[in-house]
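Coordinates in review
Spelled out, the chains give:
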Amino acid sequence: MIVEETHDCRDAFAAELVRLARADSRIVAVCNDSVGSSKLAAFAQEFPDRLINVGIAEQDMVGIGAGLANAGLVPFVCGAATFLTARALEQIKADVAYSLANVKLCGMSPGLAYGALGPTHHSTEDLSWLRAIADLPVVVPADPAQTSAAIRWAAETTGPVFLRIGRFPVPDVSPPGGPAFAYGRAARLRDGEDATLVATGTMVSRALQAAALLAERGVEARVVNVSTISPLDREEIIAAARQTRAVVTAEEAVPTGGLGAAVAEVVLETRPVPMRLLGPRTFAPTGETAFLLEHFGLTAEGIARSTLDVLGLGHGDLGNTGLGTTGVEGGDLGGRGLEGGDLGTTGLGGGDHSGGDLGGAGHGGGLAGAGHDG
Amino acid sequence: MTLTQTAGGLLLPDHDAIGEWRRLRDRLAHADRAASAAALAALAGGIRRTVISTIHAAGLGHTGGDLSVTDILTTLYGAVLRIDPARPDWPERDRLILSKGHCSVALYTTLTTCGFFPADRLATFAAPLSPLNGHPSRKAVPGVETSSGPLGHGLPVGVGVAVGLRLRGSPARTVVVLGDGELQEGSNWEAAMTAAHRGLSSLTAVIDRNGLQQGARTGDTNDLEPLADKWRAFGWEVAEVDGHDHLALLDAVTAPRAEPRPRCVIARTVKGRGVSFMEDRVEWHHKVPDAEQTRMALEELR
């Protein structure tokens, strides 16, 4: 069983922000009583005057970010993704995007990262909401290297941006050597001509694992990491639609409006091919993040199964895997049946992740760590 | 994308108007109070007339609020703000944020009196592709510090500006002009807490307290009183003045501060001020004067 080292991308974010702040006195951090959950403790220690903690007040926080930018500073506005985006959506639209304010919105612990804290704390709608706002780049790094590179890019670029900083532990996926992040460019991490797996954030490593599973069954899947959801790399998506027979998207967000919809729009407008859009489509039941990802089919096995399905291959050749053989749409494929199947021997199941940092925080009396500290 | 660039064209400084505005500022700096009051009254009268004509021509606008906020904007741009209309992005400028963005025509007109852009461009207000939208856009209009329109946005932005300027060591000041109705938005009170907590003595909020909102009196909708007590309780210094008395406004905004606190100036105003048939009438919130009403209004404002 392969056990990959995994990382909380917030650590890379925090370290990079401190590095940048040392070199550029315009960089400030703004947060909503989230010094701990936004990993800003080191920043606060080194730059106490440049950490503006507004308390539990997200509208105020985003407006203040726009004002700081007006005063010539470069604010990184940090909060749990769901509170930052849902509570302050109008400020994000009017004060930041429509005003072209040089504000870096950092949505921490997005998707299902808050696990058993429940749907009030899950940020699964943020990609849909923010992708609908003009002039607001939406960036989702997939690993620590991408996170650091995206933060650097944001600091060096004048203008608004939303950065989705993952908490659920992920392995490294960026190929060594090349630039980890190129704004507006999707990265083809594996080639293949049967189908394309388009993934973002936490789903990128799982898409790579799915491609390995598919290869064992003779299906060659291309894997594309979309780290800029908006503006989308249309050329890479068009290439996938032209050169492969099907496209499967996977994201830790509702596909209605998020990555799935973004990719589907391009595929539909250019070269329609069969698609499957994977992501939670209902409020999550109770459970830790790894369980919820399985529940929604957001595992290597789930992605592989949907790929076989969209290719019309069925699942018979998968043998006794526990994968469903009927139905393709969303929740009825809930992942519990996947556990212990043949595919589990590859070590790709959720078990490797189930004891992650959040699990510890979520069950160890540290529930307050969700967004608002203390 | 460059700020101030839109499909409808660029708004560039009007150097003749800037010269005239600078001469006014010089005169005011040396004038006695009676002469200052007269000069600001004349400026406000011109702005009101242009507001009426512009709204009538465009068939769109928030007439009542434009007329209630006119004297506040006149005082601030005419006698208070340290700005350079030829350099709207001058880093050390004082910032004015119009939170009640629906009163854009009063703001646009006032900006033309400073020379941020030529007054003849007001004729494009609300026309297709004009930079002069119904609500002010920072991207399109020089002198506009933040796009406004949705209510309750200006004060948090103003707090951010004041925090940022202090962090940079800049002496520049921040003034946020708010409507009274928009104080029903909770975001204002988040920002009010932050401003007091941080002792933002370079921040001033001026409230255009005309007592009316779109649909009814504020007191009959969601009462704001006791308004001064609320601001005091939030840790602000409060002054209450006649919002159509330029010198009273000037004194209230510029008085030295005893303590490092933000200041709230409650400017008691009359919605539709200056036009008898509009004054204190809720229907003139966004009613547009027809040709005859425009003629009568301009007559009264002469």
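Before reading on, note that the structure itself is shown above.
Residues numbered from 1 in each chain as written. Chains lettered and ligands numbered in written order. Predicted model: local features only at pLDDT ≥ 70, side-chain atom pairs only at ≥ 80, totals over all residues. Heavy atoms only, no water.

**A short note on the packing of helix α2 (residues 33-58) of chain B against helix α10 (residues 291-300) of chain B**
All names here are of chain B. Put simply, the rule reads: Under this scheme, a helix contributes an axis fitted over its contacting stretch, all axes are lines through C-alpha atoms, and angles between N-to-C directions fall in the 0 to 180 degree range. Secondary structure elements are defined from DSSP: runs of H or I of at least 4 residues count as helices, runs of E of at least 2 residues count as strands, and each element is numbered from the N terminus. Orientation labels follow simple angle bins: below 35 degrees gives roughly parallel, above 145 gives roughly antiparallel, 65 to 115 gives roughly perpendicular, and whatever is left gives oblique. In this description, contact between two residues means that some pair of their heavy atoms is separated by no more than 4.5 Å. Each residue gets one label: Ala, Val, Leu, Ile, Met, Phe, Trp, Tyr, Cys and Pro are nonpolar, Asp, Glu, Lys and Arg are charged, and the others, such as Gly, are polar.
Two elements in contact, α2 and α10, have axes separated by 10 Å at closest approach and are oriented at 175 degrees. When the interaxial angle is binned, α2 and α10 end up roughly antiparallel. Here Arg49, Ile52, Ser53 and His56 of α2 lie close against α10, whose contacting residues are Ala291, Thr294, Ala297 and Leu298. When the residues that make up the contact of α2 with α10 are grouped by side-chain class, the tally is four nonpolar, three polar and one charged.

**Re the state of the cysteines**
Residue and element names in this part refer to chain A. Definition in use: When the sulfur atoms of two cysteines come within 2.5 Å, that pair is taken as a disulfide. Throughout this description, buried means an accessible area under 20% of the type-specific maximum (1.4 Å probe, protein chains only), exposed means over 50%, and partly exposed covers the range between.
Throughout the structure, instances matching the rule amount to zero disulfides over all chains. Here cysteine 31 stays unpaired: no disulfide links it, and the sulfur of cysteine 78, its closest cysteine neighbor, is 7.0 Å away. Here cysteine 106 stays free of any disulfide, with the sulfur of cysteine 78 as its closest cysteine sulfur at 4.2 Å. On the basis of relative accessible area, cysteine 106 is assigned to the buried category, the value being 0%.

**Digging into the side chain of Thr124(A)**
Residues and elements named next belong to chain A. Quick reminder of the rule: Two N or O atoms form a polar contact when they lie within 3.5 Å of each other; inside protein one atom must be a possible hydrogen donor and the other a possible acceptor, and for residues adjacent in sequence the pair counts only when both atoms belong to side chains.
Relative to the elements of secondary structure, threonine 124 occurs in the loop between β4 (104-108) and α6 (126-131). In this structure the side chain of threonine 124 is engaged in a polar contact, spanning 3.4 Å, whose partner is the side chain of glutamate 125. Dropping the residues within four chain positions of it, threonine 124 is found in contact with Gly111, Leu112, Glu252, Ala253, Val254 and Pro280.

**So, the environment of Leu81(B)**
Residue and element names in this part refer to chain B. Mapping leucine 81 onto the fold places it in the loop between α3 (63-80) and β1 (95-98). Take leucine 81: its relative accessible area is 2%, and that puts it in the buried class. Along the backbone, leucine 81 and leucine 122 are 41 residues apart, and their C-alpha atoms lie at a distance of 22 Å.

**Quick word on the nonpolar core**
Here is the rule we go by: What makes a nonpolar core is a set of buried Ala, Val, Leu, Ile, Met, Phe, Trp, Tyr and Cys residues whose side-chain atoms join them at distances within 4.5 Å.
Ranked by internal contacts, the top residues of the largest apolar core, which has 76 residues, are Leu105(A), Val263(A), Trp231(B) and Trp236(B). Among the elements that make up this core, the one with the highest residue count is helix α5 (residues 154-168) of chain B (seven residues). Val263(A) has contacts with Val198(A), Leu232(A), Ile237(A), Val247(A), Thr249(A) and Met275(A), leaving out every residue within four places of it along the chain. Counting 49 residues, the second largest nonpolar core, distinct from the first, contains Ile47(B), Ala106(B), Val241(B) and Leu247(B).

**Here we look at the sheet that holds strand β6 (residues 161-165) of chain A**
All names here are of chain A. Applicable threshold: In this analysis, strands are considered paired if DSSP registers two or more bridges between them.
Spatial ordering of the open sheet is given by β2-β1-β3-β4-β6-β5-β10, a layout of seven strands whose pairing is mixed. Whereas interior strands pair on both sides, the edge strands pair on one side only; in this sheet they are β2 (51-53) and β10 (228-230). As paired elements, strand β1 (residues 27-31) and β2 share three bridges and run parallel to each other. Paired with cysteine 31 across the strands is asparagine 53, a residue of β2. Of the strands in this sheet, β1, β3 (74-80), β4, β5 (138-139) and β6 touch helix α7 (residues 144-156), which is tilted by about 160 degrees from β6.

**Here we look at the pairing of strand β4 (residues 237-242) of chain B**
Residues and elements named next belong to chain B. Using the following cut-off: Look down the strands so they point away from you; if the path from the first strand over the helix to the second goes clockwise, the crossover is right-handed.
Direction of pairing for β4 relative to strand β5 (residues 263-268): parallel, over a ladder of six bridges. Looking at β5, one finds that glutamate 237 is bridged to arginine 263. Note on the crossover from β4 through helix α9 (residues 246-254) to β5: the handedness is right-handed.

**Looking at the environment of Gly178(A)**
Tracing the backbone shows Gly178(A) in the loop between β6 and β7 (187-190). Gly178(A) sits 143 residues away from Val35(A) along the chain, and the two C-alpha atoms are 32 Å apart.

**Thoughts on the sheet that holds strand β12 (residues 275-278) of chain A**
All names here are of chain A. In spatial order, the strands read β7-β9-β8-β11-β12; together these five strands make up an open sheet with mixed pairing. Bordering the open sheet on either side are β7 and β12, each of which pairs with just one other strand. With direction set aside, neighbouring strand axes in the sheet form an average angle of 20 degrees. Inspection of the sheet shows strand β8 (residues 195-199) paired to strand β11 (residues 247-250) by four bridges, in the parallel sense. By the bridge assignment for β11, leucine 197 is matched with valine 248. Across the face of the sheet, helix α10 (residues 259-270) comes into contact with β8, β11 and β12 while running at roughly 160 degrees to β12. Sheet contacts for helix α12 (residues 300-310): β8, β11 and β12; angle to β12, the most-contacted strand, approximately 160 degrees.

On their own, these measurements won't tell you what the molecule is for.
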